[in-house]
Amino acid sequence: MKKIRPRTPRFPFDSKIPKYWFNDNPLASHMVNSLNLLFPDGEKMFIRAVRAFEDQLADPGLKERVKGFIAQETQHGREHERYFDVLRAHGFELEGFLKFQNVLAYGVIERLTSKSMSLAWTAALEHYTAVFAQWTLGRATLRERSNPVMADFLRWHSAEEIEHKSVAFDVLAAVAPGYARRVTGLLLASVSLTAFWAAGTVYLFQQDPEAHVKWEDFKRLYTEFLAHGTMGGAFFAYLKPGFHPSQIKNEQLAAEALSELETTPAFRPGCSRSESSPLLDFRQRRISSTSEYVV
Ligand SMILES: [Fe+2]
Ligand SMILES: [Fe+2]
């Protein structure tokens, strides 16, 4: 199986990134912004869930992939936290939502679930992120009609999500197998993802009275995201008893995106940093939760 290696791009986030950076569309922009708010703390939970079983893994290949998974998720969270400053520069207050999410998802739900259920929750969320990643990489709208920094940022995260899409699933299968647990993890993932994603979107819209959402936007959301089976299709695919993430063939899409992205300035050390705006750089970096990354 292909080695999972972390990359450490530094995207030139600055105040030139418009508020409605996704195709000049408030609904699409704030829906993806809401996912951005979920990522850093969510990815810390993924790392905790997998790391809890690292010592029980007998397969050295899987142990190596776990290391790559942890390194990639750590880097994703860091870049998403850097992007928070773009939202703050546009006047959004984020701390209330981040605290709410952290307390409810990780202070209550994660604490009430067993370690093996947290792993099943993580494996299902990783399946959703890989399916969303495939959708993201296939969107011409993102590449052609959206802010290029944001497009590259999301394409990088998406491609790496596809690279490590099987890791949490394989750890679950190795240390805590069982269909009932896997499906319970899927139900927990489906409800929590939908609820927190919707809550984050509402939180951003409440602070943005000038955002105008047309009925057409909802229709496009349905036809481009839901009707093509992205979220529902991911749910039903995962329900199949013999399912494995590798059955969804999207590795080539990820490899093509990464080979293109790795030639861009964000992936060259020292290049993108100097392009950052002082508007964002002077802001004190805030950590969205009390727990730090573990690597
Ligand atoms: Fe990630
Ligand atoms: Fe991931």
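What counts and how
- Residues numbered from 1 in each chain as written.
- Chains lettered and ligands numbered in written order.
- Predicted model: local features only at pLDDT ≥ 70, side-chain atom pairs only at ≥ 80, totals over all residues.
- Helix = DSSP H or I, 4+ residues; strand = E, 2+ residues; numbered from the N terminus.
- Buried ≥ 20, exposed ≤ 12 C-beta atoms within 10 Å, placed from the backbone.
- Contact = placed C-beta atoms within 7 Å.
- pLDDT = per-residue confidence, 0-100.

**A short note on the environment of I109**
Alright, step 1. With respect to the helices, strands and loops of the structure, I109 is situated in helix α3 (residues 95-112).
Alright, step 2. When the 17 C-beta atoms within 10 Å are taken as the criterion, I109 is described as partly exposed.
Alright, step 3. For the pair I109 and L188, spaced 79 residues apart in sequence, the C-alpha separation works out to 9.6 Å.
Alright, step 4. Residue contacts for I109: discarding those within four places in its chain leaves L104 and S192.

**Section: the environment of F92**
Alright, step 1. Within the secondary structure, F92 sits in the loop between α2 (60-89) and α3.
Alright, step 2. In this structure F92 comes out as partly exposed when scored by C-beta crowding, with 18 C-beta atoms within 10 Å.
Alright, step 3. For the pair F92 and Q207, spaced 115 residues apart in the sequence, the C-alpha separation amounts to 6.6 Å.
Alright, step 4. The contacts of F92, once residues within four sequence positions are left out, are L87, L204 and Q207.

**Things to note about the confidence of the model for the protein chain**
Alright, step 1. Counting all residues, the mean pLDDT for the protein chain is 89, and 89% of those residues have values of 70 or more.
Alright, step 2. Segment residues 272-279 is flagged for pLDDT under 50; beyond a separation of four residues in sequence, or across chains, it makes 16 contacts in the model.
Alright, step 3. Of the regions scoring below 50 in pLDDT, residues 281-295 engages in 21 contacts with residues more than four places distant in sequence or in other chains.

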